[in-house]
Amino acid sequence: MYSFTICLLILVVGYFVYGRYVERVFGPEAKRPTPALTKADGVDYIPLPTWKIFMIQFLNIAGLGPIFGAIMGAKFGTASYLWIVLGSVLAGATHDYFSGMLSIRHGGESLPEIIGRYLGMTTKQVMRGFTVILMVLVGAVFVAGPAGLLAKLTPDALDTSFWIVVVFLYYILATLLPVDKIIGKIYPIFAIALLFMAVGILVMLYVNHPVLPELWDGLQNTHPNAANLPVFPIMFVSIACGAISGFHATQSPMMARCMKSEKYGRPVFYGAMITEGIVALIWAAAATYFYHENGMAENNASVIVDAITKSWLGSVGGILAILGVIAAPITSGDTAFRSARLIVADFMGMEQKSIRRRLYICVPMFLAAIGLLLYSLRDAAGFDMIWRYFAWSNQTLSVFTLWAITVYLVQTGKNYWITLIPALFMTCVCSTYLCIAPEGFGLTQIVSYYIGLFCVLIAVVWFAVWKSKTPQSPGDLVSR
């Protein structure tokens, strides 16, 4: 428990210390008009209270990632603690903050437009397609999980298929209606449920005070299939949303269109990521205890969540906690579809005040998601394959976002090291994973590591050559 407590404190201190430094690097202007005020349209650009924006942002980025990802990552041992803490403070929260603030400075632009602005038109076109595909994957992945949990809590007549239809109908409404009609009203309630669950598990960790492995006991890989699943890069992709996630940068522009002042960027963007890191750390510790008591045989994260919550929080607390787990993926799924609609609307230049024009974009998108969902429901292997593609795509998107932010920092004469180092690290993670993963090239570990390092070397050389030819101007170019 000592390592867990230290890591928890580092996350909190990281928000106040490193988060404040990241904020100073960007330089928010409290009096600068935001898109919510200058482009208000009653649909997507709507000024909202800051506390509500934080709740929505937290639920947007949470999903199943900081819970299921942390549970799966806990099998690798205490190295999961370090990745959650260092990833959240130094990489994930920084990534989320800059992507949100750059969207505000550029009139609420979607992520592909921001990436293209700094990495070029070709990258922009690739990212447009890549990001929309990722959003549809998120929507498909985050239907089956909550539907299955809801089926367990309701009569047999209301089976998984019934709840899949209900969740999908909700997705359609949340994607089409103005942001303040559904999302702005129910997200705060869902956020309270998710935070209740996390706080409840945190309290019970200290009440039960289970014997947990400590960081100083070693960072050895404790995964039962350690020979085929090395800590690097598998754990760094398994724990995505609890450390760094490209999906977050697709959600930040939605809240950038609702924020009334730039001064709220740190609590909303950086703060939501740190909160998610805390949730991931809590579940990693709880899962470590579960594995210690029950062995490593259980692979279904839903079963582990159900067992821990009912055992520690009782029947009522367990139901509330499970509802929190249900709410998180549903609220990430609906905003994934909404984000996809906005991305398509941005690059097609299609206004979104008209419900008819929103339907033009949404109908083919929902049909594609239904196809993926039907494929994933054929068997467990189908769902696992979609989840792994989602996880890798998610982290790959963070790579492009980090490189775009790094270019912005270089061009504006600011400290680019705060995103360059995470960009290089995640480049290595994603390239190595693509080589080593069964759904990738399935190469040996040593060959995959060499290829990953070679990709990093190419990135370093490319960046150095580009930087030497790029004029640097002090001050914020996007404010001119």
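All of the points below concern the structure found in this document. (Residues numbered from 1 in each chain as written. Predicted model: local features only at pLDDT ≥ 70, side-chain atom pairs only at ≥ 80, totals over all residues. Heavy atoms only, no water.)

Details of the overall build of the protein chain
The criterion, for reference: A helix here means a DSSP run of H or I that spans at least four residues, while a strand means a run of E at least two residues long, and both kinds are numbered starting from the N terminus. Our radius of gyration is a C-alpha quantity, and the globule rule it is checked against amounts to 2.2 Å times the number of residues to the power 0.38. Relative accessible area decides the class of each residue, using a 1.4 Å probe on protein chains only: under 20% of the type maximum gives buried, over 50% gives exposed, and in between gives partly exposed. In this analysis, two residues are considered to be in contact whenever any of their non-hydrogen atoms come within 4.5 Å of each other. Using a 1.4 Å probe, the Shrake-Rupley method yields the accessible areas, and only the shown protein chains count as cover for residues.
Broken down by element type, the protein chain carries 18 helices and zero strands. Computed over C-alpha atoms, the radius of gyration of the protein chain comes to 21 Å, within 12% of the 23 Å expected from 2.2 N^0.38 for 480 residues, which places it in the range of a compact globule. Considering only C-alpha atoms, the protein chain reaches an extent of 60 × 50 × 40 Å along its principal axes. Taking all 480 residues of the protein chain together, the buried fraction comes to 59%. Pairs at least 24 apart in sequence give 84% of the contacts found in the protein chain among residues at least 6 apart. Total accessible area on the protein chain stands at roughly 18300 Å², and carbon and sulfur atoms take up 69% of it.

Observations regarding the packing of aromatic side chains
The relation between two aromatic rings is expressed through the spacing of the ring centres and the mutual angle of the planes. Applied cut-off: Each Phe, Tyr or Trp ring, with Trp reduced to its six-membered ring, pairs with another whose centre is within 6.5 Å; inter-plane angles below 30 degrees give stacked pairs, above 60 give edge-to-face pairs, and intermediate values give tilted ones. Lysine NZ or arginine CZ positioned within 6 Å of the ring centre and within 35 degrees of the ring normal marks a charge as sitting over the ring.
All chains considered together, the criterion is met by 28 aromatic pairs. Pairing Phe-232 with Tyr-449 gives two aromatic rings, centres 6.2 Å apart and planes at 50°, and the pair type is tilted. One end of the pair, Phe-232, is in helix H11 (residues 231-238); the other, Tyr-449, is in helix H18 (residues 445-468), and 217 residues separate them in sequence. Cluster of aromatic residues (ring-pair linked, three or more members): Phe-26, Tyr-97, Phe-98, Tyr-118 and Tyr-408. Sitting over the face of the ring of Tyr-15, Arg-266 holds its NZ or CZ atom 4.7 Å from the ring centroid. When the ring centre of Phe-26 is taken as origin, the NZ or CZ atom of Lys-414, which lies over that ring, is 5.4 Å away.

Considerations on the pattern of salt bridges
Cut-off, in case you're wondering: Any carboxyl oxygen of Asp or Glu within 4 Å of a side-chain nitrogen of Lys or Arg constitutes a salt bridge here.
The full count for this structure, using the stated rule, is 11 salt bridges. In this structure, Lys-124 engages Glu-113 in a salt bridge whose closest nitrogen and oxygen atoms are separated by 3.7 Å. Of this pair, Lys-124 sits in helix H8 (residues 121-153) while Glu-113 sits in helix H7 (residues 111-119); the two residues are 11 residues apart in sequence, bridging distant segments of the chain. The same class applies to Lys-124 as to Glu-113, namely buried.

Focus: the state of the cysteines
Definition in use: Any two cysteine sulfur atoms lying within 2.5 Å of each other are counted as a disulfide.
Under the counting rule described, the total for this entry stands at zero disulfides. Not part of a disulfide, Cys-430 finds its nearest cysteine sulfur in Cys-428, a span of 9.6 Å. Assessed through its relative accessible area of 5%, Cys-430 is described here as buried. Free of any disulfide, Cys-435 has its nearest neighbouring cysteine sulfur in Cys-455, separated by 6.5 Å.

Comments concerning the nonpolar core
Put simply, the rule is: Each nonpolar core is a collection of buried residues, namely Ala, Val, Leu, Ile, Met, Phe, Trp, Tyr and Cys, held together in the definition by side-chain atoms within 4.5 Å.
Phe-4, Phe-98, Tyr-171 and Trp-283 are the most contacted members of the largest nonpolar core, which has 149 residues in total. Per-element accounting of this core gives the leading share, 17 residues, to helix H13 (residues 265-294). Apart from the residues lying within four places of it in its own chain, the contact partners of Trp-283 are Pro-66, Ile-67, Ala-70, Ile-71, Met-197, Ile-201, Val-305, Ile-308 and Thr-309.

Quick word on helix H17 (residues 417-436)
To keep things clear, this is the line we draw: To estimate how far a helix should reach, multiply one less than its number of residues by 1.5 Å.
Counted at 1.5 Å a residue, the expected span for H17 with its 20 residues is 28 Å, and the 28 Å between its end C-alpha atoms agrees. When you tally the buried positions in H17, you get 16 out of 20 residues, the bulk of the element.

Let's talk about a nonpolar patch on the surface
We count it as follows: A patch consists of residues exposed above 30% relative accessible area that lack any salt bridge, with like charges linked at up to 9 Å and nonpolar side chains (Val, Leu, Ile, Met, Phe, Trp, Tyr) linked at up to 5 Å.
Where nonpolar side chains cluster on the molecular surface, the patch consists of Leu-434, Phe-441, Leu-443, Ile-446, Val-447, Tyr-450, Ile-451 and Leu-453 and spans about 750 Å² of accessible area. Ranked by the residues each element gives to the nonpolar patch, the list is headed by H18, at five residues. Inspection of the secondary structure assignment puts Leu-443 in the loop between H17 and H18. Relative accessible area serves as the criterion here: at 33%, Leu-443 is assigned to the partly exposed category.

Quick notes on H13
Cut-off, in case you're wondering: Consider a residue and the seven residues that end there alongside the seven that start there; fitting an axis to each set, the bend is the angle between those axes.
Helix length check: H13, at 30 residues, gives a terminal C-alpha distance of 42 Å against a target of 44 Å (1.5 Å per residue), a fit within 8%. Along H13, the largest kink reaches about 35° and is centred on Gly-271. Most of H13 sits out of view: 24 of its 30 residues are buried. Downstream of H13 by a residue or two, Gly-295 has a phi angle that is positive, lying close to 85°.

Some thoughts on the side chain of Arg-128
With respect to the element layout, Arg-128 can be found in helix H8. The exposure class of Arg-128 is buried, given its relative accessible area of 13%. Once residues within four sequence positions are removed from consideration, Arg-128 is found in contact with Pro-112, Glu-113, Ile-343 and Phe-347.

Concerning the packing of helix H2 (residues 18-26) against helix H6 (residues 79-105)
Threshold: Fitted lines through C-alpha atoms serve as axes, helices being fitted only where they are in contact, and the angles separating the N-to-C directions of these axes extend from 0 to 180 degrees. Take the far helix as the reference: if the near one is turned anticlockwise from it by less than a right angle, the crossing is left-handed, and if turned clockwise, right-handed. Each residue gets one of three labels, nonpolar for Ala, Val, Leu, Ile, Met, Phe, Trp, Tyr, Cys and Pro, charged for Asp, Glu, Lys and Arg, and polar for the others, Gly among them.
It is at 10 Å that the axes of H2 and H6 come closest, and there the two elements cross at 35°. In this structure, H2 crosses over H6, and the sense of that crossing is right-handed. Note on element contacts: H6 touches H2 through Val-89, Leu-90, Thr-94, Tyr-97, Phe-98, Met-101, Leu-102 and Arg-105, opposite Tyr-18, Val-22, Glu-23, Val-25 and Phe-26. Its residues assigned to classes, the contact of H2 with H6 shows 10 nonpolar, one polar and two charged.

Focus on the layout of surface pockets
Keep this limit in mind: Grid points spaced at 1 Å over the protein atoms alone were grouped into cavities, where a 1.4 Å probe fits but cannot get out, and pockets, open sets with protein on both sides within 12 Å along at least five of seven lines, with lining residues defined by an atom within 4 Å of a point. Grid points are joined across faces, edges and corners, and a volume is the space filled by probe spheres set on the points.
Within this model, the second largest pocket holds a volume of roughly 680 Å³. Around the second largest pocket, the lining comprises 19 residues; the ones closest to its centre are Val-399, Phe-400, Trp-403, Ala-459 and Trp-462. For the lining of the second largest pocket, the elements supplying multiple residues, two or more each, are H7, helix H16 (380-411), H17 and H18. Of the residues in the lining of the second largest pocket, the class split is 15 nonpolar, four polar and no charged.

Regarding the packing of H6 against H17
With their axes 10 Å apart at the nearest point, H6 and H17 run at an angle of 115° to one another. The crossing of H6 and H17 is left-handed. Across the interface between the two elements, Trp-83, Leu-90, Ala-91, Thr-94 and Phe-98 of H6 pack against Ile-418, Thr-419, Pro-422, Phe-425 and Met-426 of H17.

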